[in-house]
Amino acid sequence: MKRGERFRVGIDVGGTFTDLAALGNDGQEVMVEKVLTTPGHPWLGIRAGLGRMAARGLDMEQASGVIHGTTLVTNAVIERRGARVGLICTKGFRDVLYFGREFRYDVYDPDLVLPDPLVPRASRREVDERIAADGTVVRPLDTTQARVVIRSLLAEDVESIAICLLHSYHHPQHEIVLKSLVREEHRSIPISVSHEVLPQVREYERASGTALNAYVQPIVHEYLQQLEDGLRALGCRCPLYLMTSSGGTITVDTAVAFPIQLMESGPAAGALVAALIGRQAGHASVVSFDMGGTTAKSCVIQSHRPLINKAPEVARQHRMKKGSGIPVGVPMVDLLEIGAGGGSIAELDPVGLLRVGPRSAGAEPGPACYRLGGQEPTVTDANMVLGLISPDSFLGGSMQLDPEAACLVLTEKIAQPMGLKPVEAGAAIHRVVTDNMAEATRVHAAELNVDLRSYSLVAYGGAGPLHAYGVAERLGLSTVVFPRNAGVLSATGLLAAPLAFEFVRSYPAELDAIDLATVNALLGDLESKARGLLQRSGVSEDITLERTVDMCYSGQRYEVATPLPEPPLTHDSIRALKLIFDVTYESAYGRRLAQLPASCLTWRVRGSGPAADRWWRTPHESAARTGGGSAAEQSPQRTRQVFLPGHGPIECRVIAREALTVASDVRGPSLVEDGSSTIVIPPRAAGVVDPWGNLVVELAASC
Amino acid sequence: MSNPRPLNPPIDAVAVRLMWDRLVSIVDEATVTQYRTAFSTVVQEANDFACSVMDRRGGTLANSRFGLPSFVATQAVTLRSLLARFDAGEIRDGDVFITNDPWIGTGQVMDLTLLRPIFRDGRLVAFAGSVAHAPDLGGVQRWNTSTDVFEEAIFIPLMKLYEGGSPNRTLLDLIAANTRIPDLTIGDLEAQLAAMRPITSRLVSLMDEYGLESLDPLADDIYVRSETAMRSAIAGIPDATYTGEVVSDGFPDPLDLAKPRDPILIRATVVVAGEEMRVGFAGSSTQQPGSFNSIWTFTEAYTLYGLRLILVPDLPNNAGFYRPISVDCPEGSVVNARFPAATLSRHAVGHQVVDAVYAALAPVLPGAVIAQGGSAPSWDLILMGKDLRGRPFNRLVIINGGSGARAAGDGYTWCFPANISNTPIEILETSVPVLCEEKAVIVDSAGPGRHRGGFGQRISLRARNGFGFSLINARVGHAPQGLLGGQPGRRGRALLDGQEIPPGTDGEVPAGHQLVIETPGGGGMGPVIERDPRRTAIEMEDGLVTASWGSLQSD
């Protein structure tokens, strides 16, 4: 990159690796780096990565923005490393966090376990106050008693205060007074107030989100302070932004006040980049498929935007079982855990059938072929036995794998008991894991009411490209896109996100009983908050505002995000809103129920700056310079005999990804090795490298 | 029913795995569709529904993993009844059958069972099923005072709701005309239909893909594998006859509310012989007046669910598990009322049959059984009246007690053996004119033991407008018992303005007055002396138990 050129940096700190990407503001990719994450002190890893980039000529003084994604917040909750929280709630309701939803999330498991509440009962205190659903003050807040409660919590050395009163999502006056009382009693203790953190109806979910926010606040505050100081010490003078779980960006101030919004910050960036890759390949709607060592995740991206999960959970007791975790409350990019990863263990279940996962060999001891002591066959061992993974191409050749060890455990634990040959056992494991991922994706799509058949798959992660063709076939998808630089996708995704802030508030009301003055004041307030924050973050023009309200037919539980007419709302626009909702509902559920009354619940205003991905619309100069041609012509012919599940024994061409240039075409059966994974291109499929370096494969191209 | 026999030709075990997983996923898809498109809070907040896929002979192949265990089992009962009543020629592509007949269904007239035959190339291959608790089907609304099933709801015998793809307008109009809230009732019915729709196409494409002419060989393979697992679990129990009892509260006679109530006895006799098991309920109380009797379909459903849960947990459910077990429910007894008994409160007895079975097996399966819980029966509160805007409402709320402890750990506050979530207070207060003044753990209510029961809870409701209520509850005079040395949980009670009201009360709460519900705590497991003192110390610090807990209730 040329001297003096301005650029932005994306930094993604994951569990194992810290990925960094710098992108010139003219849209040309300049530099990517990957270093090991330094658990406990993530800044050290970041500094090492930035140091390497500086050595390659990056001048941090020229940075115009740093965007950061991190798994710090989720990990703090999973590992229970958060603050000692004092929770203040309405008299009679200190046990809301204990009860949860009182639901057995799997009726065939007798040993279900729920996570312990983040705030122990002794630190949950009641204040004498009560506001009814309609706003009637049944009991005014007893400020004298409240002060006693606050002082007693402070005397017990709590490090963070959470406040959640009944019906405060729409009637916050008592919470506002309580917050000021806490501030009077203590100058600096962090305070999380439910109507600010998560102004949504349903007391358990709101209390849970507010407690979570308070729980991680001190850790996040300290960490971000350190990060800002460190960046400044490196000469960086630009603002630092954080990626939110819903795929927007926020300032450090906002992140410190509402750290709960950072819960799935890193993975959200991955989903955004999948959306971007889809855009480059000309596909507005794609399914991302990210399969790594321990899990596989997918996300549905509709019209360039990842779908949002409005009821996400963290720290599940059972990874794939909904209801076993702590509700977060704030919307997150809807990343679904769809199954096992490369390290997942294959075994025979009590009825003698093959089962893959949920047990995992993890990174240590890892699959048997790592020769680190793994004694059980994993998905990676199966792929090894099938010949899909080359022993000397793993991690760019830095780690030699042992096919003999893989074959041995596979034979002993699976093939012999089932009366299969080792390759048949390998193929069975490969198919079971592939089928299960595809089925989980399909069920999830049904839940979202999305028909996937016109979607494309964007596949990445260490094991994703190996299983992508099977997942796509199962789901009836015809195109699979394999991005370039898949290893640092999340970091580049950080740079693709526009600056965006969403403000929400619940005002539950039947449509015919809405108070126009109330709702207009509410929308005006949300809008000025969104504009104000964008302006403070440096966006003064090109602000896009989207106003929606979550609606349902009165009596239903599932709400549909419905776009609002231009404010101010009038009686006419309320009538129009009913029609808009009827149509929106019909497109989601396939039937219109115009005769039924409708209700509104949560009102949202999202303000965003100019889409950052305009920088990405031009193809990469470096990639565009070289011409196309058939990959087979350009490199000496290498082949490998493999057993391809669904196709049987077959000879595949083996191609190095770096040998592919723009417009190169690749025909199946081929294996494309790129240092971090192997792309399987089955027979009859054909791929071509697009101008951005992505390999776009059509599965039934030549039939 | 066919006997288990080796398959010819045997299906490849890998294909069985793939197809079985797919069947489970097909039902999951139907379940989320029904949940997503339903209207009533009974389905959406409380999960009072279930879906399944059954083979063409009436066996359950796969079903929802959450929701109500009883609904899964009774769908197959309804299907077998359908197969007995209709000739093969009368079951056609595009038909959907419907019934709420308690004696061939869920045991309660408020539940609608829908069955849809699935055809491939003109041949019947399977059935899709869906059961949901309807928001309203007419009838008394009060659950404690009905004297026969005809007072309780419109009675729909097993008949066609759709014929060859066309709706039966007459029947739909009749149902709509017999409910107070036709929009919600018909809306939920449509959600049931929507749930079954994808099952058909997905099942046919599964068969296409694997070249299956019939699902029967696959079904048989799954059943034999599951049956084998259950047989080996039963074989691990010493051959003998085991008996267990539950003594529980008597219920009101609707024709004579002042009549003294005798306690109800549920007696389970479990005969283990080799790999097979027979469960009988002979010796249980005779049929009670009113709606407080289970019906054999419901009794059998929970007996089998309770056994499967502790003998072969975790595996996907199907009919094979139940082949080595038979259940005998004497007609005219409290576990199997005769037509046309009232049915609305059938779970008040039916939820307790599991406890009798566990009591029988506790001496030989101490590591597996579960102590009695405060949600057997589930405490159902039906609220009715006019809201603050003057419109009528009728709302079913489940208030859960503490579940029983087991060898593996403490109980929770949730529903067992049914599974129904709570209703958020903020949602309740938005639609019903009540003010909830408290929803709290009842301190010391958990039955002490090596593992304690779950805690009961107290909910206080103050009427903003006057409202009527029906409360279906028990374990008031007879607290949930512990097992193997564990102590009982605290009994439950309900109070109207501070005065205790008996189980099964229908009443009124005038504006400004207060109804308090205190659900029972779950029974403990094992002697409390063996409890980890660190756990007790933490819970004392948290104020969940006091210093006297564990010694108080031992006498």
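Colleague: Honestly, the overall build of chain B in this entry has me stumped. Any pointers?
Modeller: Check the secondary structure of chain B and you find 11 helices and 20 strands. Here chain B has a C-alpha radius of gyration of 23 Å; the compact-globule value for 555 residues is 24 Å, and the two agree. Dimensions of chain B, computed from the C-alpha atoms along their principal axes, are close to 70 × 60 × 40 Å. Within chain B, the proportion of its 555 residues that are buried is 61%. A separation threshold of at least 6 residues defines the contact pool for chain B, and within that pool the share at least 24 residues apart is 76%.

Colleague: Sorry if this is basic, but what is going on with the sheet that holds strand S2 (residues 60-63) of chain B here?
Modeller: Strands in a sheet are paired, the pairing made by backbone hydrogen bonds, and the direction either parallel or antiparallel. Residue and element names in this part refer to chain B. Pairing is antiparallel across the open sheet formed by 7 strands, whose spatial order is S2-S1-S5-S4-S3-S6-S7. Each edge of the open sheet is held by one strand with a lone partner, namely S2 and strand S7 (166-167). The strands touched by helix H1 (residues 13-37) within the sheet are strand S1 (49-55), S2 and strand S5 (123-133), with S1 carrying the most contacts at an inclination of about 145°.

Colleague: How should I be thinking about the domain arrangement of chain B in this particular structure?
Modeller: Many analyses report the size of an interface as the accessible area lost when the parts associate. Residues and elements named next belong to chain B. With domains assigned, chain B is organised as domain 1 (13-223) and domain 2 (370-555). For domain 1 and domain 2, the distance between their C-alpha centres works out to 33 Å. Of the residues lining the interface, 16 residues belong to domain 1; the matching set on domain 2 comes to 17 residues. Grouping the constituent residues of the side of domain 1 that touches domain 2 by class yields 6 nonpolar, 6 polar and 4 charged.

Colleague: What is the right way to read the sheet that holds strand S10 (residues 276-280) of chain B from this model?
Modeller: Residue and element names in this part refer to chain B. Strand order in the open sheet formed by 4 strands is S8-S9-S10-S11, with mixed pairing between adjacent strands. Both edges of this open sheet fall to strand S8 (240-248) and strand S11 (325-328), since each of them pairs with a single strand only. Across this sheet, the average inter-strand angle for adjacent strands is 15°, counted without regard to direction. When strand S9 (residues 264-273) meets S10, the two strands line up antiparallel, connected through 5 bridges. Its bridge partner lying in S10, Thr269 is registered against Gly280.

Colleague: Can you help me understand the interface of chain B and chain A in this one?
Modeller: Between chain B and chain A, the contact holds 64 residues from the first and 56 residues from the second. Among the secondary structure elements, those contributing two or more residues to the side of chain B that touches chain A are H1, helix H2 (41-44), helix H5 (182-210), helix H6 (216-235), helix H7 (296-311), helix H10 (425-431) and strand S14 (434-441) of chain B. With 14 residues, the single largest contributor to the side of chain B that touches chain A is H1 of chain B. Partitioning the side of chain B that touches chain A into residue classes produces 27 nonpolar, 18 polar and 19 charged.

Colleague: Would you mind showing me how to read the packing of H7 of chain B against helix H9 (residues 353-361) of chain B here?
Modeller: For any two helices packed against each other, the geometry comes down to the angle between their axes and how far apart the axes lie. Residue and element names in this part refer to chain B. Relative to each other, H7 and H9 sit at 40°, their axes nearing to 8 Å. Relative to H9, the element H7 is oriented oblique. Crossing of H7 against H9: the hand is right-handed. Counting all contacts with H7, which are made through Thr299, Tyr302, Thr303, Gly306 and Leu307, the residues of H9 involved are Val353, Val354, Val357 and Tyr358.

Colleague: Got a minute to help me understand the domain arrangement of chain A in this structure?
Modeller: When its domains are assigned, chain A resolves into domain 1 (7-77 + 222-265), domain 2 (81-214), domain 3 (500-610) and domain 4 (621-696). Distance from the C-alpha centre of domain 2 of chain A to the C-alpha centre of domain 4 of chain A: 56 Å.

Colleague: How should I be thinking about the nonpolar core in this particular structure?
Modeller: It is characteristic of soluble globular proteins that their nonpolar side chains tend to be buried jointly. Of all hydrophobic cores here, the largest spans 374 residues; its most connected members are Ala211 and Leu457 of chain A together with Val53 and Val357 of chain B. Among residues more than four places away in sequence, those in contact with Val53 of chain B are Leu23, Ile26, Val27, Leu61, Ala62, Ala126, Ala128, Ile199 and Leu203 of chain B.

Colleague: Just checking my understanding: could you explain the environment of Val279 of chain B for this structure?
Modeller: Residues and elements named next belong to chain B. Take Val279: it is sitting in strand S10. Here the alpha-carbon distance between Val279 and Ala268, two residues 11 residues apart in the chain, equals 6.6 Å. The residues touching Val279, leaving out its near neighbours within four places in the chain, are Ala268, Val270, Thr303, Ile325, Val327 and Val357.

Colleague: It is not clear to me how H1 of chain B should be interpreted in this structure. Could you clarify?
Modeller: Along an α-helix, residues three or four positions apart point the same way, because every turn accommodates 3.6 residues. Over its 25 residues, H1 of chain B runs 36 Å from end to end, which matches the ideal 36 Å to within 8%, given 1.5 Å per residue. For H1 of chain B, a buried count of 22 out of 25 residues is recorded, marking the element as mostly surrounded by other parts of the structure.

Colleague: Got a minute to help me understand the environment of Gln352 of chain B in this structure?
Modeller: Relative to the elements of secondary structure, Gln352 of chain B occurs in the loop between helix H8 (347-350) and H9. For Gln352 of chain B, the residues in contact, after removing those within four places along its chain, are Val246, Ser248, Ile266, Ala376 and Pro377 of chain B.

Colleague: Just to check I follow, could you spell out the environment of Val680 of chain A for this structure?
Modeller: All names here are of chain A. When you line up the elements, Val680 lands in strand S34 (residues 678-681). Residue classification places Val680 among the buried positions, given that 28 C-beta atoms sit within 10 Å. Val680 sits 12 residues away from Gly668 along the chain, and the two C-alpha atoms are 8.3 Å apart. Here Val680 is in contact with Leu388, Pro465, Leu466, Tyr469 and Leu671, once residues within four sequence places are set aside.

Colleague: What exactly am I supposed to notice about unusual backbone geometry here?
Modeller: Note on backbone geometry: most residues besides glycine have negative phi, and most peptide bonds are trans. Residue Pro377 of chain B follows Ala376 of chain B across a cis peptide bond; omega there is 5°. Following the sequence through the fold, Pro377 of chain B ends up in the loop between H9 and strand S12 (379-386). Here Glu102 of chain A, not a glycine, exhibits a phi torsion of approximately 55°, which is positive. If you trace the backbone, Glu102 of chain A turns up in the loop between helix H3 (96-99) and strand S6 (124-127). In this structure, Ala315 of chain A takes a positive phi of about 55° despite not being glycine. Checked against the element boundaries, Ala315 of chain A lands in the loop between strand S17 (313-314) and strand S18 (326-327).

Colleague: In this structure, what is going on with the confidence of the model for chain B? I would like to understand it.
Modeller: If pLDDT is low for a region, its predicted coordinates should not be looked at in detail. Residue and element names in this part refer to chain B. The pLDDT averaged across chain B works out to 92; a share of 96% of its residues lies at or above 70. Within the model, the stretch residues 1-9 combines pLDDT values under 50 with 5 contacts to residues more than four positions away or in other chains. With a pTM of 0.90, the predicted complex shows an ipTM of 0.93.

Colleague: Sorry if this is basic, but what is going on with the pairing of strand S20 (residues 514-518) of chain B here?
Modeller: A regular strand places its side chains on the two faces of the sheet in alternate fashion. Direction of pairing for strand S15 (residues 457-463) of chain B relative to S20 of chain B: antiparallel, over a ladder of 5 bridges. Bridged to Arg458 of chain B within S20 of chain B is Glu518 of chain B.

Calculation rules
- Residues numbered from 1 in each chain as written.
- Chains lettered and ligands numbered in written order.
- Predicted model: local features only at pLDDT ≥ 70, side-chain atom pairs only at ≥ 80, totals over all residues.
- Helix = DSSP H or I, 4+ residues; strand = E, 2+ residues; numbered from the N terminus.
- Rg over C-alpha atoms; globule rule 2.2 N^0.38 Å.
- Buried ≥ 20, exposed ≤ 12 C-beta atoms within 10 Å, placed from the backbone.
- Contact = placed C-beta atoms within 7 Å.
- Pairing = 2+ DSSP bridges.
- Axes fitted to C-alpha atoms, helices over the stretch in contact; angles between N-to-C directions.
- Domains from an automatic or database assignment.
- Nonpolar A, V, L, I, M, F, W, Y, C, P; charged D, E, K, R; others polar.
- Parallel < 35°, antiparallel > 145°, perpendicular 65-115°, else oblique.
- Left-handed = near helix turned anticlockwise from the far one by under 90°.
- Core = buried A, V, L, I, M, F, W, Y, C linked by C-beta atoms within 7 Å.
- Expected span 1.5 Å × (residues − 1).
- pLDDT = per-residue confidence, 0-100.

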